[in-house]
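As a plain string of letters, each chain reads:
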Amino acid sequence: MKSYLAAAIQMTSVPDLHRNLAQAEELIDLAVRRGAALVGLPENFSFMGEEKDKLAQGETIATESEQFLKKMAQRFQVTILGGSFPVPVDNTGKVYNTTILIDPSGEELARYYKVHLFDVNVPDGNTYRESSTVMAGNQLPSVYFSEKLGNIGLSVCYDVRFPELYRHLSDKGADVIFVPAAFTAFTGKDHWQVLLQARAIENTSYIIAPAQTGTHYDRRQTHGHAMIIDPWGVILADAGEQPGIAIAEINPSRLEQVRRQMPSLQHRVFS
Ligand SMILES: O=C(O)CNC(=O)[C@H](CS)NC(=O)CCC(=O)C(=O)O
């Protein structure tokens with residue numbers, strides 16, 4: 001593994017598949033022009049809208065999102081994480097909230113179905129029942145072992161509140177962990193950055209967190225602040241609140257240095 005640049009994309013996805021793919025394409029293009037070799041898109045990058053519309057268009061969203069990711073990876077010769085998109089589950093009327101990692105040849109390297117579903121009454125009055133349309137994954141995410149990019153672990157959004165999932169990823173050797181998200185504006189302002197920094201510090205790993213931002217439809221507002229955090233917990237890049245990118249260096253000697261300076265993973269007692 002050599003040093004390289006990674007980008008976390010920040011978008012305002014809306015209830016319009018093709019508009020979202022066009023926005024994603026522009027931002028991937030920007031990330032690549034700035035030199036990124038690894039690019040992550042946020043949760044629900046290709047569709048943020050009413051649950052019933054997401055289900056009705058599920059097949060189209062799934063097929064076109066996957067084709068889009070493969071096309072972008074091949075055209076720009078980069079590895080892309082398709083933050084997440086819905087994939088219909090046969091005979092259930094539900095979808096998996098799915099994230100996939102695609103290599104520059106267009107091949108799928110890893111796939112993960114979001115395990116922890118956001119069924120929460122947020123104190124600002126909004127209620128979320130993700131499980132009403134989404135089938136929970138029942139398998140821990142995998143780590144993709146890449147000679148070039150380091151070992152890449154997957155997760156999605158609300159998963160960030162469950163440290164045991166990240167312990168699994170670090171046990172499997174993860175160096176770089178993705179947390180693509182659509183964090184609510186209300187929870188995000190107090191929890192987003194703290195949770196991401198905690199996951200980076202306790203696992204001495206890089207965190208790449210692509211994000212949704214702004215108003216998507218009705219009262220659905222997200223926090224933004226796509227970011228990249230180093231294994232010491234330092235925020236290397238923060239996309240703020242507008243659509244754009246956070247870009248930063250993933251550096252194997254920094255990883256090695258932090259793991260030497262703070263060998264906490266080697267001091268675990270209850271593993
Ligand atoms: O609603 C949509 O349109 C798309 N889905 C999402 O945005 C998902 C599931 S509802 N959001 C989260 O997991 C937010 C977690 C979160 O905000 C927290 O943990 O505080």
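The model shown is predicted, which means the values in this text are computed figures rather than measured ones. All residue numbers refer to positions counted from 1 along the written sequence of the respective chain. Where totals are concerned, whole chains, interfaces and linings use all residues; where local detail is concerned, this predicted model gives features only for residues with pLDDT of at least 70, and gives and counts side-chain atom pairs only at 80 or more. To obtain the side-chain values, all non-hydrogen atoms of the structure were included, while hydrogens and water were left out.

Close contacts around the ligand come from 15 residues, with Asn44, Lys114, Arg161, Thr187 and Arg220 the closest. Arg220 places a side-chain nitrogen or oxygen 2.5 Å from an oxygen atom of the ligand. About the coverage of the ligand: the protein hides 97% of its 490 Å² of free accessible area. Placement of the ligand is best described as lying within the largest pocket. Put simply, a residue is near a molecule or strand once any heavy atom of it comes within 4 Å of that molecule or strand. Any N or O atom pair separated by 3.5 Å or less is treated as a polar contact, with the protein-specific requirement of one donor-capable and one acceptor-capable atom, and with residues adjacent in sequence counted only for side-chain atom pairs. In short, Shrake-Rupley with a 1.4 Å probe defines the accessible areas, and a residue's cover is counted only from the protein chains shown. Here the term cavity refers to a set of points on a 1 Å grid, laid over the protein atoms alone, in which a 1.4 Å probe fits but cannot get out; the term pocket refers to an open set having protein on both sides within 12 Å along at least five of seven lines, with lining residues being those that place an atom within 4 Å of a point. By definition, a pocket or cavity contains a molecule when more than half of the molecule's atoms lie within 2 Å of the pocket's grid points.

Here we take up unusual backbone geometry. Backbone geometry places Asn44, a non-glycine residue, at a positive phi of 50 degrees. Helix and strand assignments follow DSSP, with helices taken as H or I runs no shorter than four residues and strands as E runs no shorter than two, numbered in order from the N terminus. With respect to the helices and strands, the residue Asn44 is situated in the loop between β2 (36-40) and α2 (51-56). Remark: exposure states derive from per-residue accessible area (1.4 Å probe, protein chains only) relative to the maximum for the residue type, with buried under 20%, exposed over 50%, and partly exposed in between. Asn44 gets classed as buried once you look at its relative accessible area, which sits at 13%.

Glancing now at the layout of surface pockets. Grid points are joined across faces, edges and corners, and a volume is the space filled by probe spheres set on the points. Empty space within the largest pocket amounts to approximately 650 Å³. Lining the largest pocket are 34 residues, with Glu51, Thr127, Tyr128, Tyr217 and Arg220 sitting closest to its centre. Residue type decides the class: Asp, Glu, Lys and Arg count as charged, Ala, Val, Leu, Ile, Met, Phe, Trp, Tyr, Cys and Pro as nonpolar, and the leftover types, Gly among them, as polar. Broken down by class, the residue content of the lining of the largest pocket amounts to 14 nonpolar, nine polar and 11 charged. What the second largest pocket holds in volume is close to 300 Å³. Around the second largest pocket, the lining comprises 17 residues; the ones closest to its centre are Thr79, Pro104, Ser146, Lys148 and Leu149. Of the residues assigned to the lining of the second largest pocket, the class counts are 10 nonpolar, three polar and four charged.

It is worth spelling out the sheet that holds strand β8 (residues 143-146) at this point. Only strands joined by at least two bridges in the DSSP assignment are considered to pair. Reading across the sheet, the six strands line up as β8-β9-β10-β11-β14-β15 and stay open at both edges, with mixed pairing between neighbours. The open sheet terminates on both sides in strands that have one partner only, identified here as β8 and β15 (235-238). Within this sheet the neighbouring strands show an average axis-to-axis angle of 15 degrees, counted without direction. Pairing of strand β11 (residues 206-209) with strand β14 (residues 227-229), which is carried by three bridges, proceeds in the antiparallel orientation. Along β14, the bridge assignment pairs Ile208 with Ile228. By definition in these notes, contact holds between two residues if any of their heavy atoms fall within 4.5 Å. Lines fitted to C-alpha atoms define the axes here, with helix axes fitted over just the stretch in contact, and angles between the N-to-C directions of these axes take values from 0 to 180 degrees. Lying on the sheet, helix α5 (residues 185-202) is in contact with β11, β14 and β15; it crosses β14 at an angle near 30 degrees.

The description of two aromatic rings rests on the distance between their centres and on the angle between their planes. Here is the rule: rings of Phe, Tyr and Trp (six-membered ring for Trp) pair when centre to centre is within 6.5 Å. Planes less than 30 degrees apart are stacked, more than 60 are edge-to-face, and the remainder are tilted. All told, the structure shown has seven aromatic pairs when counted by the stated rule. On the numbers, 6.2 Å between centres and 85 degrees between planes, the contact of Phe45 with Phe85 is edge-to-face. One end of the pair, Phe45, is in the loop between β2 and α2; the other, Phe85, is in strand β3 (residues 79-89), and 40 residues separate them in sequence. Of the two residues, Phe45 and Phe85, both sit in the buried class. Note on Tyr96 and Tyr113: the rings are 4.0 Å apart at their centroids and 15 degrees apart in plane angle, and the pair reads as stacked. A residue pair is termed long-range when its members are at least 10 positions apart, and Tyr96 in strand β4 (residues 94-102) and Tyr113 in strand β5 (residues 108-113) qualify at 17 residues. Judged by relative accessible area, which is 22%, Tyr96 ranks as partly exposed. Aromatic rings pair up to connect Phe118, Tyr128, Tyr158 and Phe162 into one cluster. Lysine and arginine charges are scored as sitting over a ring when NZ or CZ, respectively, is within 6 Å of the ring centre and within 35 degrees of the ring normal. The side chain of Lys189 reaches across the aromatic face of Phe186, ending 4.0 Å from its centre.

Quick look at the packing of helix α1 (residues 17-33) against helix α3 (residues 58-76) now. For the pair α1 and α3, the least separation of the axes is 11 Å and the interaxial angle reads 20 degrees. Judged by the inter-axis angle, α1 sits roughly parallel to α3. Our pair here, α1 against α3, has a crossing hand that is right-handed. Residues Leu17, His18, Leu21, Ala24, Glu25, Ile28, Asp29 and Val32 of α1 pack against Thr60, Ile61, Glu64, Ser65, Phe68, Met72, Arg75 and Phe76 of α3. A breakdown of the residues in the contact of α1 with α3 according to their chemical character gives nine nonpolar, three polar and four charged. Each angle gets one of four labels, with under 35 degrees taken as roughly parallel, over 145 as roughly antiparallel, 65 to 115 as roughly perpendicular, and the rest as oblique. What makes a crossing left-handed is the near helix being turned counterclockwise from the far one by less than a right angle; a clockwise turn instead makes it right-handed.

Right, let's talk about the UniProt feature "domain: CN hydrolase" (unreviewed entry) in the protein for a bit. UniProt positions are given in the numbering used here, feature names are shortened, and annotations may be inferred rather than shown by experiment. Within the UniProt annotation, "domain: CN hydrolase" (unreviewed entry) is assigned to residues 4-252. As annotated, residues 4-252 comprises 28% helix and 34% strand, and the C-alpha atoms at either end are separated by 9 Å.

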